[in-house]
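Chain by chain, the residues:
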Amino acid sequence: AVALVAGACLLSTAFVAPSPHQQLARAASPVALRSASGEYTGFVPDMQRRTLMNLLVVAITAVPALVVLGGYAFYFYPPLPGGGAGGVPAGDVDGNPITLATWMKTHRENDRELVQGLKGEPFYLITKTDTIKDFAIGAVCTHLGCVVPWNKAVN
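Residues numbered from 1 in each chain as written. Predicted model: local features only at pLDDT ≥ 70, side-chain atom pairs only at ≥ 80, totals over all residues. Heavy atoms only, no water.

Draft legend 1. Layout of the layout of surface pockets. Space inside the largest pocket adds up to approximately 200 Å³. Taken together, Val-88, Pro-89, Ala-90, Val-115, Gln-116, Gly-117, Leu-118, Phe-123, Leu-125 and Ala-136 make up the full set of residues lining the largest pocket. At the level of elements, strand 1 (112–116) and strand 2 (122–127) are the ones that each hand at least two residues to the lining of the largest pocket. Classifying every residue of the lining of the largest pocket by side-chain character gives eight nonpolar, two polar and no charged. (1 Å grid on protein atoms, 1.4 Å probe; cavity = no way out; pocket = protein on both sides within 12 Å on 5 of 7 lines; lining within 4 Å. Points joined across faces, edges and corners; volume = space filled by probe spheres on them. Helix = DSSP H or I, 4+ residues; strand = E, 2+ residues; numbered from the N terminus. Nonpolar A, V, L, I, M, F, W, Y, C, P; charged D, E, K, R; others polar.)

The following block contains the structure:
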């Protein structure tokens, strides 16, 4: 934002009337503006028009520049969490939701059992000593799409 303001300031001063130092150099030149009385007045008749055009140029170029910079900034802005109703409960073989209390009554540490996850897909739920892990292991084979049975002797 600071760079945009600094650029706008530099751009707005790029097309303004000459400084007093430049006016002295112009007055010393052989070609000088003269009024009806023959003296140089330093008046530029189109100054208001030039100032207006400078402001229009800056404003017109600022709009697309802000759009581009805004898009660039929002690329790095992380999305806010929201929406949804939270997690999806795992289901048993019949699709009934599983509670932690009933699960812990029937399972020991390091037990893995097939449950229904998102959209009814099969997952292995892993039991720890007094709770379950924060994740489940997908039971669908990536090769053929079949459900892979858990082999405790191999793992």
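Still to come is the rest of the account.
Draft legend 2. Representation of the packing of aromatic side chains. Going through the model one piece at a time under the given rule, you end up with four aromatic pairs. Look at Tyr-75 and Phe-76: their rings are 5.1 Å apart centre to centre, the planes differ by 85 degrees, and that puts the pair in the edge-to-face class. The class of Phe-76 is exposed, set by a relative accessible area of 53%. A network of ring pairs unites the aromatic residues Tyr-72, Tyr-75 and Phe-76 as a single cluster. (Phe/Tyr/Trp six-rings, centres within 6.5 Å; stacked < 30°, edge-to-face > 60°. Buried < 20%, exposed > 50% of the residue type's maximum accessible area, 1.4 Å probe, protein only.)

Draft legend 3. Quick peek at the sheet that holds strand 2. On the basis of which strands lie adjacent, the open sheet formed by three strands has the order 1-2-3 and antiparallel pairing. Every interior strand has two partners, whereas the edge strands, strand 1 and strand 3 (132–138), have only one. Between one strand axis and the next, the sheet turns through 35 degrees on average, direction left out of account. The sheet contact formed by strand 2 and strand 3 spans four bridges and is antiparallel. Bridging from a neighbouring strand, Phe-123 pairs with Gly-138 of strand 3. (Pairing = 2+ DSSP bridges. Axes fitted to C-alpha atoms, helices over the stretch in contact; angles between N-to-C directions.)

Draft legend 4. Molecular detail of the side chain of Thr-127. In this structure, Thr-127 sits in strand 2. Thr-127 has contacts with Trp-103, Met-104, His-107, Arg-108, Glu-109, Asn-110, Asp-111 and Ile-132, leaving out every residue within four places of it along the chain. (Contact = heavy atoms within 4.5 Å.)

Draft legend 5. Representation of the packing of helix 1 (residues 2–12) against helix 3 (residues 47–76) in the model. Two numbers describe how helix 1 lies on helix 3: the axes approach to 10 Å, and their chain directions differ by 155 degrees. By the criterion of interaxial angle, the relationship of helix 1 to helix 3 is roughly antiparallel. Crossing geometry of helix 1 relative to helix 3 is assigned as right-handed. Contact with helix 1, carried on its side by Leu-4, Ala-8, Leu-11 and Ser-12, involves Asn-54, Val-58, Thr-61, Ala-65, Leu-66 and Leu-69 of helix 3 and no other residues of that element. (Parallel < 35°, antiparallel > 145°, perpendicular 65-115°, else oblique. Left-handed = near helix turned anticlockwise from the far one by under 90°.)

Draft legend 6. Just a nonpolar patch on the surface, in detail. A cluster of nonpolar side chains, contributed by Leu-52, Met-53, Leu-56 and Ile-60, occupies part of the molecular surface with about 390 Å² of accessible area. In this fold, Ile-60 is placed in helix 3. Overall, Ile-60 belongs to the exposed group, its relative accessible area being 58%. (Patch = residues over 30% accessible without salt bridge, like charges linked within 9 Å, V, L, I, M, F, W, Y side chains within 5 Å. Areas by Shrake-Rupley, 256 points an atom, 1.4 Å probe, with all protein chains shown as cover. Salt bridge = Lys/Arg side-chain N within 4 Å of Asp/Glu carboxyl O.)

Draft legend 7. View of the environment of Ile-126. Looking at where Ile-126 falls in the secondary structure, it is placed in strand 2. On the basis of relative accessible area, Ile-126 is assigned to the buried category, the value being 2%. Contact partners of Ile-126, with chain neighbours within four places excluded, come to Asp-111, Arg-112, Ile-132, Lys-133, Phe-135 and Ile-137.

Keep in mind these numbers describe shape, not what the thing actually does.
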